[in-house]
Amino acid sequence: MKPPLHFIRHATTRLIASAFLLLVSGRVSAQTAAAGIIEGRVANAAAGTNLKQVRVVVEGTVLEALSDDAGEFRLTGVPAGEVTLRATVAGLAPQTARVRVVAGQTARQDFDLGTRDQVVTLDKFTVAERELSAQAAALQEQRIAPNIKNVVAFEEFGDLGDGNPGEFLKFVPGIQVSMNPAIPGEATIRGMPGSGTILTVDGVELSTDSPSTRGAVFSASNVANMDRIEVTKVPTPDMPANAVGGMINVVGKSGFARRNPQLTYSLFGLLTTIEPITQLGRELFRRGGADKGTAGAHTRPGFDVTYIRPVNDRLALTFSLGHNARWEDKDNLAPTWNRTTFVQTQSAIAAQIAVRDRDVASVRADWRPAPGHSIFATFQYTTDVVHTRIGTFTQAYGAGATGGENFTQGAPANAAGVGAGTTTLANTYREQIKSTRHGAIGHRGEFRGWTTAATLAHSHSRRETLSAQEGYEYFGTVSATLTGLVLRADNFGQQRLGTPPTVRGTRAGQSVDLTDGRLYTLNTVTSPQEPIMKSDLTTLKLSASRPLGFALPVVVKAGVDWSQAERDIRAETRTWTFRPTFAATAPERLVGSYDLINWGYSDTRSFRNGDRVKWIDPRKLYDLYKANPGYFVLNEANYHISRVNGSRKLEETITAGYLRTDTKLFDNRLWLVAGARYERTDDEGAGALNDVRAIYQQDAQGNLLRNAAGALIRVSPDALTTARLQYKERASLGKKHYGDVYPSVNASWSFSENFVGRAAYAATIGRPDLDFIIPTRSVTDPSSAEANRTITTTNAGLEPWTADNYDLSFESYSVKGATVAVSLFRKQLTNFFVTRRTDATLDLLAEMGLSDDYLDYDVITTTNSPDTVTTNGLEWSWRQSLKPFAALPAWARGAQFWVNGTHLRIAGSGRDSFSGYSPRVLNWGASYASARFLVRYNVSRIARQRATISAAGTYDAQDTRMVQDANIEYRLHKKFSLYASVRNLANEPRPLVTISATAPAYTRPRTYTYYGALWTMGVKGTF
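Residues numbered from 1 in each chain as written. Predicted model: local features only at pLDDT ≥ 70, side-chain atom pairs only at ≥ 80, totals over all residues. Heavy atoms only, no water.

Participant: I'm lost on the overall build of the protein chain in this one. Help?
Facilitator: Along the backbone of the protein chain there are 10 helices and 52 strands. Taking 1023 residues into account, the globule formula puts the C-alpha radius of gyration at 31 Å, and the protein chain, at 32 Å, falls close to it. Its C-alpha atoms give the protein chain principal-axis dimensions of roughly 110 × 75 × 50 Å. The burial tally for the protein chain puts 55% of its 1023 residues in the buried class. Sequence separation of 24 or more characterises 73% of the internal contacts of the protein chain that already satisfy a separation of 6 or more. Within the structure as shown, the protein chain displays about 42,000 Å² of accessible surface, and the carbon and sulfur contribution to it stands at 56%. The average position of the 113 basic charges and that of the 97 acidic charges among the side chains of the protein chain differ by 4 Å. (Helix = DSSP H or I, 4+ residues; strand = E, 2+ residues; numbered from the N terminus. Rg over C-alpha atoms; globule rule 2.2 N^0.38 Å. Buried < 20%, exposed > 50% of the residue type's maximum accessible area, 1.4 Å probe, protein only. Contact = heavy atoms within 4.5 Å. Areas by Shrake-Rupley, 256 points an atom, 1.4 Å probe, with all protein chains shown as cover. Lys, Arg positive; Asp, Glu negative; His and termini not counted. Charge placed at Lys NZ, Arg CZ, Asp CG, Glu CD.)

Participant: Where do I start with the sheet that holds strand β7 (residues 92-101) in this structure?
Facilitator: Within a sheet, each strand pairs with its neighbour through backbone hydrogen bonds, oriented either parallel or antiparallel. Spatial strand order, β4-β3-β6-β7: four strands in an open sheet with antiparallel pairing. Every other strand in the sheet has two partners, leaving β4 (64-66) and β7 as the edge strands with one partner each. On average, each strand axis in the sheet is inclined to that of its neighbour by 20°, with strand direction left out of account. Direction of pairing for strand β6 (residues 81-89) relative to β7: antiparallel, over a ladder of eight bridges. Residue Gly-81 lies in a different strand from β7, and its bridge partner there is Val-101. (Pairing = 2+ DSSP bridges. Axes fitted to C-alpha atoms, helices over the stretch in contact; angles between N-to-C directions.)

Participant: Help me out: how do you make sense of unusual backbone geometry in this one?
Facilitator: Backbone geometry follows two general trends: most residues other than glycine have a negative phi, and most peptide bonds adopt the trans configuration. Phi at Arg-448 takes a positive value of approximately 50°, unusual for a residue other than glycine. Relative to the helices and strands, Arg-448 resides in the loop between β24 (421-447) and β25 (450-466). Residue class for Arg-448 comes out exposed when judged on its relative accessible area of 79%.

Participant: Any chance you could explain the nonpolar core here in plain terms?
Facilitator: Core analysis: the largest hydrophobic core is formed by 44 residues, its most contacted members being Phe-475, Leu-514 and Leu-621. Filtering out sequence-adjacent residues up to four positions away, Leu-514 remains in contact with Phe-393, Thr-423, Leu-482, Leu-485, Leu-487, Val-503, Arg-504, Gly-505 and Tyr-520. (Core = buried A, V, L, I, M, F, W, Y, C linked by side-chain atoms within 4.5 Å.)

Participant: How should the packing of aromatic side chains be read in this particular structure?
Facilitator: Between two aromatic rings, the relevant description is the distance of the centres plus the angle of the planes. Tallied over the full model, the rule gives 23 aromatic pairs. Arranged with centres 5.7 Å apart and planes meeting at 65°, the rings of Tyr-429 and Tyr-474 form a pair that is edge-to-face. Of this pair, Tyr-429 sits in strand β24 while Tyr-474 sits in the loop between β25 and β26 (477-490), placing them 45 residues apart in sequence. Overall, the relative accessible area of 3% leaves Tyr-429 in the buried class. Residue Tyr-474 is classed as buried on the basis of its relative accessible area, which comes to 1%. Of note, Arg-608 hangs over the ring of Tyr-1010, and the distance from its end group to the ring centre comes to 5.7 Å. (Phe/Tyr/Trp six-rings, centres within 6.5 Å; stacked < 30°, edge-to-face > 60°. Lys NZ or Arg CZ within 6 Å of the ring centre and 35° of its normal.)

Participant: What's the story with the environment of Glu-636 in this structure? I'm lost.
Facilitator: Structurally, Glu-636 is set in helix α7 (residues 636-645). The class of Glu-636 is partly exposed, set by a relative accessible area of 44%. Taking the C-alpha atoms as reference, Glu-636 lies 7.8 Å from Arg-574; in sequence the two are 62 residues apart.

Participant: What should I look at first to understand the sheet that holds strand β15 (residues 226-232) in this one?
Facilitator: Across the sheet, which stays open at both edges, the five strands sit in the order β10-β15-β16-β13-β14 with mixed pairing between neighbours. Two strands lie at the open edges of the sheet, namely β10 (149-153) and β14 (204-205), each paired on one side alone. Bridge analysis of strand β13 (residues 197-201) against strand β16 (residues 246-252) gives five bridges, and the strand direction is parallel. When the bridges of β16 are listed, Ile-198 appears paired with Met-247.

Participant: Help me understand the environment of Lys-827 in this model?
Facilitator: Turning to its location among the elements, Lys-827 is positioned in strand β39 (residues 818-830). Each C-alpha atom of the pair Lys-827 and Gly-191 lies 10 Å from the other, and the pair is 636 residues apart in sequence. In contact with Lys-827, other than residues within four places in its own chain, are Arg-190, Met-192, Val-244, Gly-245, Asp-804, Asn-805, Val-869, Thr-870 and Thr-871. Only 2.7 Å separates the side chain of Lys-827 from the side chain of Asn-805, close enough to count as a polar contact. (Polar contact = N/O pair within 3.5 Å; in protein donor to acceptor, adjacent residues only side chain to side chain.)

Participant: I would appreciate a short explanation of the pairing of strand β21 (residues 373-396) in the present structure.
Facilitator: On a regular strand, each side chain points to the face opposite its neighbour's, so the side chains alternate between the two faces of the sheet. Sheet topology places strand β20 (residues 343-370) next to β21; 23 bridges connect them, and they run antiparallel. In the sheet register, Ser-347 faces β21, and the bridge partner there is Gln-395. In textbook terms, the turn of a hairpin is the stretch between consecutive antiparallel strands, and for β20 and β21 this stretch comprises two residues, one of which, Gly-372, has a positive phi near 85°. As paired strands, β21 and β24 are joined by 24 bridges and run antiparallel to one another. Across the sheet, Ile-375 pairs through a bridge with His-443, a residue of β24.

Participant: Would you mind showing me how to read a nonpolar patch on the surface here?
Facilitator: Together, Ile-441, Leu-456, Leu-540, Leu-542, Val-560 and Trp-562 make up a nonpolar patch on the protein surface, roughly 480 Å² of accessible area in all. Sorting the residues of the nonpolar patch by element identifies β29 (521-547) and β30 (554-578) as the ones contributing at least two each. If you trace the backbone, Trp-562 turns up in strand β30. (Patch = residues over 30% accessible without salt bridge, like charges linked within 9 Å, V, L, I, M, F, W, Y side chains within 5 Å. Salt bridge = Lys/Arg side-chain N within 4 Å of Asp/Glu carboxyl O.)

Participant: I would appreciate a short explanation of the side chain of Ser-543 in the present structure.
Facilitator: One can find Ser-543 in strand β29. The contacts of Ser-543, once residues within four sequence positions are left out, are Thr-451, Thr-452, Ala-453, Lys-557, Ala-558, Gly-559 and Tyr-658.

Participant: Hey, could you run me through the pattern of salt bridges in this one?
Facilitator: If the charged atoms of two oppositely charged side chains come close together, the side chains can form a pair. On inspection of all chains with the given rule, the structure shows 55 salt bridges. The partner of Glu-39 in a salt bridge is Arg-108, and the shortest N-O contact between them spans 4.0 Å. Taken together, the residues Glu-39 in strand β1 (residues 35-44) and Arg-108 in strand β8 (residues 106-108) connect sequence positions 69 residues apart. Assessed through its relative accessible area of 47%, Arg-108 is described here as partly exposed. Residues Arg-605 and Asp-329 are paired through a salt bridge, measuring 3.0 Å at the closest nitrogen-oxygen approach.

Participant: Explain the confidence of the model for the protein chain to me, please; I cannot follow it from the model alone.
Facilitator: Atom-level detail of predicted coordinates should not be read off regions where pLDDT is low. The predicted model of the protein chain averages 86 in pLDDT, with 91% of residues at 70 or higher. In the model, residues 1-5 has pLDDT below 50 throughout and makes four contacts with residues more than four positions away in sequence or in other chains. Counting interchain partners and residues more than four positions distant, the pLDDT-below-50 stretch residues 19-32 has 15 contacts. (pLDDT = per-residue confidence, 0-100.)

Participant: Help me out: how do you make sense of the packing of α7 against helix α8 (residues 719-726) in this one?
Facilitator: Any two packed helices are characterised by how steeply their axes cross, that is the angle between the axes, and by the distance between the axes. For the pair α7 and α8, interaxial distance at closest approach is 8 Å and the crossing angle is 15°. By the criterion of interaxial angle, the relationship of α7 to α8 is roughly parallel. Seen from above, α7 lies across α8 with right-handed handedness. Each of Glu-636, Ala-637, His-640 and Ile-641 in α7 lies in contact with α8, whose residues at this interface are Ala-719, Leu-720, Ala-723 and Arg-724. Looking at the contact of α7 with α8 residue by residue, the classes come out as five nonpolar, one polar and two charged. (Parallel < 35°, antiparallel > 145°, perpendicular 65-115°, else oblique. Left-handed = near helix turned anticlockwise from the far one by under 90°. Nonpolar A, V, L, I, M, F, W, Y, C, P; charged D, E, K, R; others polar.)

Participant: It is not clear to me how helix α6 (residues 618-627) should be interpreted in this structure. Could you clarify?
Facilitator: At 3.6 residues per turn, the α-helix brings residues three or four places apart onto the same side. When α6 is considered as a whole, its buried residues turn out to be Pro-618, Arg-619, Leu-621, Tyr-622 and Leu-624. On its buried side, α6 packs onto β21, β24, β26, β29, β30 and β31 (632-634). By the N-cap criterion, in which a side-chain oxygen at the helix start approaches the backbone nitrogen of a residue two or three places on, α6 is capped by Asp-617, the distance to Arg-619 being 2.8 Å.

Participant: Can you walk me through α8 in this structure?
Facilitator: Among the residues making up α8, those that are buried are Leu-720, Thr-722, Ala-723 and Gln-726. Along α8, the residues classed as buried sweep out an arc of 160° about the axis, all on the same side. Along its buried surface, α8 packs onto α7, β33 (670-690) and β34 (727-752). Between a side-chain oxygen at the N-terminus of α8 and the backbone nitrogen of Leu-720 the separation is 3.3 Å; the capping residue is Asp-718. (Arc of directions from axis to C-beta.)

See below:
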């Protein structure tokens, strides 16, 4: 019988504590031999940079130090006399130096590390050397880490134009970045949900511009001043416990990283095209859009500028500024299949334009007021403005339709010539404005043997979605229908290739042009809005560490972390019915009775089957509304309901304390990092209350009153009055707290300078997303049938996921140009979230504040599963450089090849309820770099990713897809290079499918989004 996971966790905590006491008991007096100090700086003259994380050791001793962001290192307790220093960093040639140490004095020794085969001057620093330097820095960060992590350097992947950190993570083993569909949304690590992946900037979490997600959402961060991205697979005690997947840390550039001032710039154009690559020349100069918000050239300009200014040895400044705008055009094909009759019942195609304007700015100051002390202050600002225009053309074939793999035939018309088919034209205009401000200040100090760190940070995010108001004079969505049709659709097989079916229709035996919006009857217009979504996050981090002076080298680090997040969310939808004469069949409701067609866009935009739809213009319709407001009848009751349901708030406070011990044994070959972290979470929120009893008359005791026929008696027949009685804004309240201890142990063994093995255990959690914890409650009408009486509520007792993580990895660095890593891992998961429907009980009703009148109801809520899941995984990677192979021609040694994979296997009693992961991800690529020329080609193949189970043997999924990226650079001069990059080179769609064990394969397509190839082309350079 396996021991329970909580027993393993607490046993590990006790083991760590016992080991610490054993070390304390083994304390002996410190060496009293006379000693001195060696300090210095490590640099790469070729790149003009100071090198961080370089290991400097005193040969023949266990003394070692790592250089900081300014390249500086400091070794204390060095025996007097002549010693040999050795400086090593992955990817660069090691250096040694003889240093004479005088007791009680400080000696200085600087190192200048070049590439493995030569040191070159700054003026000759080539494209190839820049790439190798970036790789070397990333590999060194990974090599000297105390735990299992991957590091990606910004320079290694080059300019992509959009300023989104998620683009740099797509090819990292274990990472899966969700695309929406072209823009990186959130990241998952090792199959865990996005809510269990933490995103930090310089170790501090940012507020998010997503209303319900707590995971790594990239849109709130920027790469304007990014140096590298660290992906932690196993945390240490000083890292947050909410990392059931892992942690992603974006590290900014320090001004001290440079030896001299540097200005880097990039001027580029951005273009997205769904046309073949052979049409790229024509696409570069295309213009036009649906309205003034999307009009203009399809190739949009952008720029990035970063200036690093080391003022002197004590002060350094960094400034970054960037802007980009991308025009997107997408085709969206969404067939609906009856998987019992195997007939396609509906076809929908959509043309989507989106223009994304993104601005980023950041400033950082680094100050060293005294030796051993540094202060930093940073501020960054990001804005995203997205103009979206979506036209959707839908055919519903109606009851009685027949068909098969490649066609659907609607049922014949009735005696009056009326068919059962319906087509719908809908046009959606949306303006979304997002922004994030983030500031942080921190201090690092050394005094009297202590090393301290303190950081205070605050970030504020805001999101608004606007329409139907001053400055945004258009309706959010316009919908019109054409009914009574006999529809025939052919060529379904072409939908997988981006070509919609050919659909023809008749009414009363006469052919009807389904694409002519003037023939449609206007029904409703809506204006969905987010008047405001605010998110604030305040963070305080304090820590102190010191070596204990034992016989064994032991460093103890203790700290506290505190954060408070506040979210204020408001959303609403207004709906108007179009009734010029208040007669449902009046001819005044025909679109053709008014000037409502967007002729410019309709004449230029076509689908691959040749259809040109005459789209209804939400701007023209809004002008009609302003001229004749009486034509539009607002549904005030529904407006109230949507506003109440969209009004939510949450305050979450997380308090943590931790103890970490670092021990190095066997001449520093074994590095043990162990400790434990305690985290407490306090949530307090408010959401909508749907009190259906309030709409019925009650007696003084609260009993529902009935009329003579036994029916419940309503308080009022008025819909708005009823809505106001039933729906109460932020009247559903809730508080919750939970906390626990989360131990971890990380062990690294250096078999040699280039070969390391690691083993680790860590306990982590995955907190629920906000939708699961902001209090809401909805109760169906008590007059409904008993089978339909439900209470849908958030679960006040919902606990976070818990995971016990076991890892084993072997890593080899720069052996004959090869860097190889293999990792085995297991995650034992409990308490993951599932939806349950149970009978109401007195205890449950009391918890929700409801009376026993609801005992005949069912309660639907998200709860912690009693089942367990075990995730077994394999990660592997291999990067091969040909540079060390002297037998090859010089021109050939600039080539590199790489490949990595992630493989997951899910087991346990809850495996059928576990979704959202891909069992296999393979990435591979190649690059070639010379003095002036660089070309890269990268591929990611993601196997089918199951989403939700809709019935026994049936589930939704993102189907297998392969995305190809490429970029090229030619350096004309140090200050001037031409470059181009493209993502999704082959215009691979995002395929969403439904898999059924009993339906044929041709019924699987659910949505295919063709979002095009994303191009960036420009010039860049360095001064």
